[in-house]
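What follows is each chain in one-letter form.
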Amino acid sequence: MMPGQIVRKTITKETHDSHPNHELELKNYRKPYRCDGCLEHGYGPRYRCDLCDFDLHEECMFTTHTTSHEFFKGSTFKFFNRPPGRCCECNRDDDKRYCDACGQAINGFVYHCEEKGWDLHPCCRHLKDKIDIDGVEFRLCNKVSQKCLWCKKRKLPNCVKGIPGWSYLAKSDNCHFHVYCVTEMVLESWKNGPKDSNCLALENLKLELPLQANLFRRRGRGSKYLRMVKFLGTILAILLGDPTITLACLFVELVSK
Ligand SMILES: [Zn+2]
Ligand SMILES: [Zn+2]
Ligand SMILES: [Zn+2]
Ligand SMILES: [Zn+2]
Ligand SMILES: [Zn+2]
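Per-chain numbering applies: the sequence of each chain, read as written, is numbered from 1 onward. Chains and ligands are labelled by the order in which they are written, letters from A for the one and numbers from 1 for the other. Given that the model is predicted, a residue must reach a pLDDT of at least 70 before its local features are reported, and side-chain atom pairs must reach 80 or more before they are shown or counted; all residues, however, enter totals for whole chains, interfaces and linings. Side-chain figures throughout are based on the complete set of non-hydrogen atoms in the structure, without hydrogens or water.

**Student:** Go over the pattern of salt bridges with me, naming the residues and quoting the values.
**Tutor:** We define a salt bridge as a contact between a side-chain nitrogen of Lys or Arg and a carboxyl oxygen of Asp or Glu at a distance within 4 Å. Counted under the stated rule, the structure contains seven salt bridges. Salt-bridge contacts for K27 lead to D50; the nearest nitrogen and oxygen are separated by 3.5 Å. Highlighted residues: K27 in strand β2 (residues 19-34) and D50 in the loop between β3 (41-49) and β4 (54-56), separated in sequence by 23 residues. Only protein chains enter the accessibility calculation, which uses a 1.4 Å probe; a residue whose area is less than 20% of its type maximum is buried, one above 50% is exposed, and one in between is partly exposed. On the basis of relative accessible area, D50 is assigned to the partly exposed category, the value being 47%. Of the charged contacts in the structure, one is a salt bridge between D50 and R48, with a shortest N-O distance of 2.6 Å. Taking the relative accessible area as the measure of exposure, R48 reaches 14% and is therefore buried. A network of salt bridges, in which partner residues are shared, links K27, R48, D50, D53 and D55. A run of DSSP states H or I qualifies as a helix once it reaches four residues; a run of E qualifies as a strand once it reaches two. Both are numbered from the N-terminal end.

**Student:** Before we move on, could you go through the sheet that holds strand β5 (residues 66-67) and cite the residues and values that matter?
**Tutor:** Hydrogen bonds between backbone atoms are what pair the strands of a sheet, whose relative direction is either parallel or antiparallel. We treat two strands as partners when DSSP finds at least two bridges between them. Pairing in this open sheet of four strands is antiparallel, and the strands run β5-β6-β7-β8 from one edge to the other. Strand pairing shows two members of the sheet lacking a second neighbour, β5 and β8 (119-120), which therefore form its edges. Examined bridge by bridge, strand β7 (residues 110-112) and β8 share two bridges and lie antiparallel to one another. Counted as the bridge partner of H112 is D119 from β8.

**Student:** Lay out the coordination of the zinc ion (ligand 5) with the relevant residues and their values.
**Tutor:** Water is absent from the atoms considered, so a metal site may look incomplete; donors are defined as N, O and S atoms within 2.8 Å of the metal, or 3.2 Å for Na, K and Ca. Within the protein, the atoms that donate to the zinc ion (ligand 5) are C148 (SG), C151 (SG), H178 (ND1) and C181 (SG), at distances of 2.1 to 2.4 Å. The rule is simple: four donors are tetrahedral if all their angles sit between 85 and 135 degrees, four are square planar and six octahedral if opposite donors span more than 155 degrees and the others lie between 65 and 115, and anything that fits none of that is irregular. Around the zinc ion (ligand 5) sit four donor atoms; with metal-centred angles ranging over 97 to 120 degrees, the donor geometry is tetrahedral. In the primary structure, the donors to the zinc ion (ligand 5) are separated according to the pattern C-x2-C-x26-H-x2-C. Of the two residues, C148 sits in the loop between β10 (136-141) and β11 (167-170) while C181 sits in helix α3 (residues 179-192), which places them 33 residues apart along the sequence.

**Student:** If you had to explain the sheet that holds β2 to someone new, which residues and values would you point to?
**Tutor:** Pairing within the open sheet is antiparallel, and its four strands lie in the order β1-β2-β3-β4. Where the open sheet ends on each side, the last strands, each with one partner, are β1 (13-16) and β4. Taken pair by pair, the neighbouring strands of this sheet meet at an average axis angle of 50 degrees, ignoring direction. Direction of pairing for β2 relative to β3: antiparallel, over a ladder of seven bridges. Looking at the pairing, K27 lines up with R46 of β3. Axes here mean lines fitted to C-alpha atoms, for a helix over just the part in contact, with angles spanning 0 to 180 degrees between N-to-C directions.

**Student:** How would you sum up the state of the cysteines? Please name residues and give values.
**Tutor:** To count as a disulfide, a pair of cysteine sulfur atoms needs to be within 2.5 Å. Scanning the model with the defined rule gives zero disulfides in all. Note on C123: no disulfide assigned, nearest cysteine sulfur contributed by C60 at a separation of 5.2 Å.

**Student:** Can you lay out the pairing of β2 for me, pointing to particular residues and giving the numbers?
**Tutor:** Relative to β2, β1 runs antiparallel, the two sharing three bridges. The partner of H16 across the bridge, within β2, is H19. Hairpin connection, β1 to β2: the antiparallel pair is bridged by two residues. Once β2 ends, the chain turns through six residues before running back antiparallel as β3, passing L39 with a positive phi of about 65 degrees.

The following block contains the structure:
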C-alpha cells in the first residue's frame, strides 16, 4: 500500500485524536457540512458525532503521521491539527499558510513539509493524478502554461507568491482548469445558497455552466462540454470528500434540461 493511502469504508466507527471522547460514526447524509478537521466544506459521507455536531471528511478522519506526494519528490509531509504558522524558513510576510495544490488558505488539518514549507489540505492530498471521463484523460499537473477555461488566465487569480497551484489538463480536449477555480466554484455556490438547504446550492453554477455551454457549442463541441461538466463534478466530489459521483450526475441533469 502507498504511504498515505486511505483505507476506505472498512471502518464505520472510531474515535479521532481531535475528538477523543466520542466515537465518530460514518454517516451518509446527502447534504453539506463543514469539516471540523480541515474546516473546509464537505458533502455526502462524513464521520460524525451527533452529540457534539462534529463532522470529519473521510480524508481528515484517516490522516497519517507522515505522507509524501509525487510532485514533491524527496519531501516528507507531517500531519498537523492546525496550521503551523511561522514554523519554517520559507515563510511569507504573514503567518498564514496556503495549500500548494488549490492555492486556498489552510485553516485546520494540514500536511506540512517542515523542510521546504509545502502545505496540502488532506482532501487536496488525495486528488487523483488521472481522471478518466468518457475515455478522455484529465491529468493532474503542477506546471501548466495554458489558460484556464474558467478564469481565462494562466496564473491563479489572487495568486499567493510562490504558490503556482495545481491544474487538471486534458490534452486531447485542449482544456485546462485550475484546482483553485474549482474550489472557488464550491465556495461561491456555498455563499449564495440558502443556509438551511438540504442540498448543496448550485444555483450559481446553474447560471455559470450554461454560459460556458454556449462557449463550447459555438465551437460545435457539445460532447466536449458534457465531459467538462462531468469532470468538474468529479473534482468537486473529491474536494468535498464525496467519493461518489452524485454531484457529477447532478451537473449533467442541470445542463441537459
Ligand atoms: Zn476535512
Ligand atoms: Zn462528541
Ligand atoms: Zn487545498
Ligand atoms: Zn514549517
Ligand atoms: Zn482558473
